[in-house]
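Report on the structure
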Amino acid sequence: MFYYVDSIWRLYGRREASTDKINTFDGDSGDENSTADRMIRMKLINIFKGTSPSSLLYSKTHFHSNSASNHQSKSDRPPSMYQKIIKLDDALQLFDQMTQRQPLPSVVKFTQLLQAVFKMKQYSHVIHLFKQMVAIAAPLNVVTTNIVIKCCFQMSCTSDGFAVVAYALRRGIVPNVYTFSTLLNGLILVDKVLEAERLSKKLIRGKFCVPNVVMYTTMIKALCKCGNNETAIALVKLMDERGCKPNVVTYSTIIDSLCKDQMVDDALKLFKDMIFHKGIVPSVVTYNSLIRGLCSIGRWDDAIKMLKEMEEDERTSPDVVTFNILVNAFCKEGMVEDATAVMDIMIERERTPDLVTFNSLIDGYCLRGEMDKAKDIFESMRIRGLIPDVVTYSSLLNGYCKSLKINEAMHLFHEIIEKGVKPNVVTYSTMLQGLFRVGRCKDAYKLFREMQARNQIPNALTYGIILEGLCNNQQIDEALSLFRLMGDSKLNSNIYVYTILMDGACKCGKLDIAKNLFNDISGKGLQHDIRSYTVMINGLCREGLVEEAKELFLQMNERGCPPNSATYNVLLQGLLKNKQLDTIETLLREMDGRGFLLDASTFALLLANITPRSADATFLKLIGKLVPKQGMDAPC
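Residues numbered from 1 in each chain as written. Predicted model: local features only at pLDDT ≥ 70, side-chain atom pairs only at ≥ 80, totals over all residues. Heavy atoms only, no water.

An unreviewed UniProt entry lists the protein chain under the name Tetratricopeptide-like helical domain-containing protein, with Centaurea solstitialis as the source organism. As stated in UniProt under Sequence similarities (unreviewed entry), the record for the protein chain gives "Belongs to the PPR family. P subfamily." (UniProt positions renumbered as here; feature names shortened; annotations may be inferred.)

Considering the packing of aromatic side chains
If you walk through the whole model with that rule in mind, you get 13 aromatic pairs. Here phenylalanine 518 and tyrosine 533 contribute two aromatic rings whose centre-to-centre distance is 5.7 Å and whose plane-to-plane angle is 70 degrees, an arrangement assigned as edge-to-face. A residue pair is termed long-range when its members are at least 10 positions apart, and phenylalanine 518 in helix H31 (residues 511–523) and tyrosine 533 in helix H32 (residues 530–542) qualify at 15 residues. For the pair shown, phenylalanine 518 and tyrosine 533 are each scored as buried. In this structure an aromatic cluster arises from ring pairing among Phe553, Tyr568 and Phe596. (Phe/Tyr/Trp six-rings, centres within 6.5 Å; stacked < 30°, edge-to-face > 60°. Helix = DSSP H or I, 4+ residues; strand = E, 2+ residues; numbered from the N terminus. Buried < 20%, exposed > 50% of the residue type's maximum accessible area, 1.4 Å probe, protein only.)

Considering the side chain of threonine 250
On the secondary structure map, threonine 250 appears in helix H16 (residues 248–260). The class for threonine 250 is buried, based on a relative accessible area of 0%.

Topic: the nonpolar core
In this structure, Leu501, Ile537, Ile584, Leu588 and Leu598 are the most contacted members of the largest nonpolar core, which totals 190 residues. The contacts of leucine 501, once residues within four sequence positions are left out, are Leu467, Cys471, Ile476, Ala479, Leu480, Phe483 and Leu517. (Core = buried A, V, L, I, M, F, W, Y, C linked by side-chain atoms within 4.5 Å. Contact = heavy atoms within 4.5 Å.)

Notes on unusual backbone geometry
Put simply, glutamine 102 and proline 103 share a cis peptide bond, and its omega is 0 degrees. Tracing the backbone through its elements, the reader meets proline 103 in the loop between helix H7 (88–100) and helix H8 (107–119). Non-glycine residue alanine 137 carries a positive phi angle of around 55 degrees. Structurally, alanine 137 can be placed in the loop between helix H9 (123–135) and helix H10 (142–154). Among the residues examined, alanine 137 registers a relative accessible area of 55% and is labelled exposed. Even without being glycine, glutamine 262 reaches a positive phi, approximately 60 degrees. Considering the arrangement of structural elements, one finds glutamine 262 in the loop between H16 and helix H17 (264–277). Assessed through its relative accessible area of 52%, glutamine 262 is described here as exposed.

Looking at helix H26 (residues 425–437)
Between the first and last C-alpha of H26 there are 18 Å, a value that for 13 residues agrees with the 18 Å anticipated at 1.5 Å per step. Among the 13 residues of H26, ten are classified as buried, and the element is accordingly described as predominantly covered. Within H26, burial applies to Val425, Thr427, Tyr428, Ser429, Thr430, Met431, Leu432, Gly434, Leu435 and Phe436. For H26, the secondary structure elements touched by its buried residues are helix H24 (390–402), helix H25 (406–418), helix H27 (441–453) and helix H28 (460–472). Between the side-chain oxygen at the start of H26 and the backbone nitrogen of valine 426 there is a gap of 3.1 Å, and the oxygen is on asparagine 424. Where H26 ends, the next residue or the one after it, glycine 439, has phi of about 80 degrees, a positive value. (Expected span 1.5 Å × (residues − 1). Polar contact = N/O pair within 3.5 Å; in protein donor to acceptor, adjacent residues only side chain to side chain.)

Things to note about the pattern of salt bridges
Applying the stated rule across the entire model yields 22 salt bridges. Of the charged contacts in the structure, one is a salt bridge between lysine 225 and aspartate 191, with a shortest N-O distance of 3.5 Å. In this pair, lysine 225 sits in helix H14 (residues 213–225) while aspartate 191 sits in the loop between helix H12 (177–189) and helix H13 (193–206), placing the two residues 34 residues apart along the sequence. Given a relative accessible area of 47%, lysine 225 falls into the partly exposed group. Looking at aspartate 191, the relative accessible area reads 59%, which means it is exposed. For arginine 368, the salt bridge goes to glutamate 370, with nearest N and O atoms at 2.9 Å. Owing to a relative accessible area of 29%, arginine 368 belongs among the partly exposed residues under this scheme. Where salt bridges share partners, they join Glu337, Arg368, Glu370 and Lys373 into one cluster. (Salt bridge = Lys/Arg side-chain N within 4 Å of Asp/Glu carboxyl O.)

Observations concerning the packing of helix H15 (residues 229–241) against H16
For any two helices packed against each other, the geometry comes down to the angle between their axes and how far apart the axes lie. Where H15 contacts H16, the axes come no closer than 10 Å and their chain directions differ by 165 degrees. When the interaxial angle is binned, H15 and H16 end up roughly antiparallel. Crossing angle aside, the handedness with which H15 passes H16 is left-handed. The residues of H16 that touch H15, namely those facing Asn229, Ala232, Ile233, Val236 and Met239, are Thr250, Tyr251, Ile254, Ser257 and Leu258. In the contact of H15 with H16, the residues fall into seven nonpolar, three polar and no charged. (Axes fitted to C-alpha atoms, helices over the stretch in contact; angles between N-to-C directions. Parallel < 35°, antiparallel > 145°, perpendicular 65-115°, else oblique. Left-handed = near helix turned anticlockwise from the far one by under 90°. Nonpolar A, V, L, I, M, F, W, Y, C, P; charged D, E, K, R; others polar.)

Describing the packing of helix H20 (residues 320–332) against helix H22 (residues 355–367)
Contact geometry of H20 with H22 gives a least axis separation of 8 Å together with a crossing angle of 5 degrees. With respect to their mutual orientation, H20 and H22 come out roughly parallel. Between H20 and H22, the residues in contact are Asn324, Val327, Asn328, Cys331 and Lys332 and Val356, Thr357, Ser360, Leu361, Asp363, Gly364 and Leu367, respectively. Of the residues belonging to the contact of H20 with H22, the class tally is five nonpolar, five polar and two charged.

Thoughts on the environment of glycine 298
Topologically, glycine 298 is positioned in the loop between helix H18 (284–296) and helix H19 (300–312). Under the relative-accessibility criterion, glycine 298 is labelled partly exposed at 39%.

Here it is, written out as structure tokens:
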């Protein structure tokens, strides 16, 4: 038995903590869209209008009734008194009564009571009751311990979950496949995904149990969260080889991961394989993942086809999530009217819009700067009894900040704190960016200190906003002080941060500082990217050091970082401003060969420096080829 205890702790890598943890459970201690785009969107909306709600509701009900019949023997059993309990006080009172009986009730009854408390999400009480059971030597089985392990992970007490396994082993309760599935899922729940992946591999190699479809699917979930889609697909093939058939949840997990990584074609290929080769019927979840993935990359026609396919399948029909995906996708594209039309159809279909629906609409109007309409949606949401959350308020704050209505934003920010809504990192980042944008650096710094005092740890985005805000307000010294204060933290191990500071230093005329930062990048083990090179070339050109800029430009190809259109435009502008015209034609020909275009600023400088009299027809024709056909408005 000690072999199992040693093995489980060796697998998790916390062997030294096992004794103390076990004792706690042992009782010892306690622009306006084109007509074509518009037609596509109308097609999408008309799909819903073309099918009657009643027929869809019937088909969905019919599908569930068939599913239920497969488990008739279980569902026909009347629930016991332990399973009927829905109030915590009643559960605790019943537990006290059970512990007074002699002999003690069976393990099944204790387990049913723990399960009832678990369903109330009273996880700490489940653990407390379990400790009392241990203290009075109440009967336990593997189902009991599995419930307690789930509670430990729900409370982010990872090591306690493994301690329960070790304690169970001491009592002769050997973990089963559901125990290991619970451990894996728990690790994923607390974002210990790499540990879950390592544990899953060791479980298979060590043959601790024969994995079932639930355990395999949990392993696949861990792999997908790590972005290891290829290994996840390989594991599906291994399942087949070992006689364990993947189900719709298995495939849907990988399809969703592929779509989130924008590998939609691979997801569609797997989807077809699931249906035509494996004979597995897709679920609403499967369709939703694909529709979300297609919308996210602008493949509206394919999204329409997928939606039609979903509508025609008698076993599925769009649910609230499906509608929310479409509402959110339309809003992100600025098509709020179309999103509103989808919500109207949603209501017709008796699918009640939820907080996610309204948050998407509010965000859509805020992105367009239509704050009055956003506030109307906000009021409509509250009238429906929906309570705004931090996402709702963050969208409104973002809208006010983008519209430079910083006083309204600050008023709303203080209002949400008074209402007991806890601002998160996104909320603070939004407010900081808004304050810096209007030049209120002192207020921004004050808010940053408040953020830290409230234990909201700034992420890379927040840190970048602060540095960029200081640089844009000519406070490069303050930005550098903050940078040095952070030392060798993860926030400073980012090429993005260095580029912000280099750009700020160049704009403030402190080229030496920019050069030092540029040289430090390699010393920190970071790789220069196109933006860092482009910023440095621009800084050198600003100071008239065109030869150094040209030399750095040539180094880019040598170091495996070829210049892009922005880099070419920056160098051309530097050459033109410094009246060095000898290499202009060479650069223009390179741009033509690479398919790059001139931006408006570069084109204007060319017109100012090169007249038809000083250039032949071939050169002028070359310039004409590089002018954007949309009106020379491509930004550098």
